[in-house]
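# Residue-level structure breakdown
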Protein chains: 2
Amino acid sequence: MINMFDDTYFMKKALQEAEEAFNKGEVPVGAVIVVDNRIIARAHNLTETLNDVTAHAEMQAITAAANFLGGKYLQDCTIYVTLEPCQMCAGALYWSQISKLVYGAKDEHRGCGALGTKLHPKTEVIEGVLSEEASALLKRFFIEKRNLN
Amino acid sequence: MINMFDDTYFMKKALQEAEEAFNKGEVPVGAVIVVDNRIIARAHNLTETLNDVTAHAEMQAITAAANFLGGKYLQDCTIYVTLEPCQMCAGALYWSQISKLVYGAKDEHRGCGALGTKLHPKTEVIEGVLSEEASALLKRFFIEKRNLN
């Protein structure tokens, strides 16, 4: 039997969030958090709208998921995020003890991999899911932004 | 002329915040953010109260300071925090481009120094201000917690 709820399915939901960010003039990054094939948190980058550097998609999703679950640890959860988490977001994921991190595009300069940010030892990491779609959206954003300035 | 508004003065204010956290049963860490000798944000750790791993003192202080200033960058600000920032908080400080980070006690295991988290190149770092007071409060918290369990 084919499982429709695979990593690609949920990454598409994260990409929809990234598109919402794009439409608001935000760097287009989106995230969803999933438990037992159910999305319990959706978020997209809102740093410009909220005037707050901490308002990355992952940070908001972590807070929303903990709120939904009524506990601060996300041990049975998977986060899908369109771009590799930065130091801040990877640091928050470390504290959350999340089970699984699935990300799309790699961030060669500011991603947690390049900067050596420590994730929780129990966190499984899968990279590159729909990375081309995520990258294309980011590239389109920065090209349009450059042309406007 | 003696300047009463030195690093010790503001670290005492951060320690008062840490004591508030202690009184709420939270790991006692406090922070204040200062511009031109004026405190524009005060916060203490609220991870238990809010059920949210992202609710560290620094994260809340960064959000509050940006809200006060009406802009997300904290380029003319100093943050005073009683404990060395973790990866998440150091990552947030990186994005904020804060001018100066002053911290009290060192966190040998989960501090940004030990874990190699990158701060913004423009951020000056001063460590060890009232570190004994900050450490003593943390030790007291963990001893009391152990005795209660």
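Read on for an overview of the structure.

Thresholds, definitions, all that
- Residues numbered from 1 in each chain as written.
- Chains lettered and ligands numbered in written order.
- Predicted model: local features only at pLDDT ≥ 70, side-chain atom pairs only at ≥ 80, totals over all residues.
- Heavy atoms only, no water.
- Helix = DSSP H or I, 4+ residues; strand = E, 2+ residues; numbered from the N terminus.
- Rg over C-alpha atoms; globule rule 2.2 N^0.38 Å.
- Buried < 20%, exposed > 50% of the residue type's maximum accessible area, 1.4 Å probe, protein only.
- Pairing = 2+ DSSP bridges.
- Axes fitted to C-alpha atoms, helices over the stretch in contact; angles between N-to-C directions.
- Contact = heavy atoms within 4.5 Å.
- Least-squares fit on C-alpha atoms with pLDDT ≥ 70 in both.
- Phe/Tyr/Trp six-rings, centres within 6.5 Å; stacked < 30°, edge-to-face > 60°.
- Lys NZ or Arg CZ within 6 Å of the ring centre and 35° of its normal.

### Focus: the overall build of chain A
Within chain A, the secondary structure is distributed over 5 helices and 5 strands. Taken from N to C terminus, the helices and strands of chain A fall in the order α-β-β-α-β-α-β-α-β-α. For chain A, whose C-alpha radius of gyration is 14 Å, the value lies close to the compact-globule estimate of 15 Å for 149 residues. Principal-axis analysis of the C-alpha atoms gives chain A an extent of 45 × 35 × 30 Å. Put simply, chain A has 149 residues, and 53% of those count as buried.

### Digging into the sheet that holds strand S4 (residues 100-105) of chain A
All names here are of chain A. Taken in spatial order, the 5 strands of this open sheet run S2-S1-S3-S4-S5, and their pairing is mixed. The strands lining the two open edges of the sheet, one partner per strand, are strand S2 (38-44) and strand S5 (124-127). The mean inter-strand angle of the sheet, taken between neighbouring strand axes irrespective of direction, is 15 degrees. Sitting on the sheet, helix H5 (residues 131-148) touches strand S3 (78-83) and S4, and the angle it makes with S4 is about 55 degrees.

### Focus: the relation of the copies chain B and chain A
Superposing chain B onto chain A requires a rotation of 180 degrees together with a translation of 0.0 Å along the rotation axis, leaving an RMSD of 0.0 Å. The relationship between the two copies is best expressed as a two-fold rotation axis. Among all residues of chain B, the minimum C-alpha distance to the rotation axis is found for B:Met88, at 1.9 Å. Mapped onto chain A, 100% of the interface residues of chain B again fall at the interface, so both copies present the same surface.

### With respect to the packing of aromatic side chains
Per the counting criterion, the structure on display carries 14 aromatic pairs over all chains. Residues A:Phe5 and A:Phe10 carry aromatic rings whose centres are separated by 6.0 Å and whose planes lie at 20 degrees to one another, so their mutual orientation is stacked. The exposure class assigned to A:Phe5 is partly exposed, which follows from its relative accessible area of 29%. Under the relative-accessibility criterion, A:Phe10 is labelled buried at 1%. With a centroid separation of 5.1 Å and 85 degrees between ring planes, the pair formed by B:Phe141 and B:Phe142 is classed as edge-to-face. Across from the ring centre of A:Phe22, 4.5 Å away, lies the NZ or CZ of A:Arg140, which sits over that ring.

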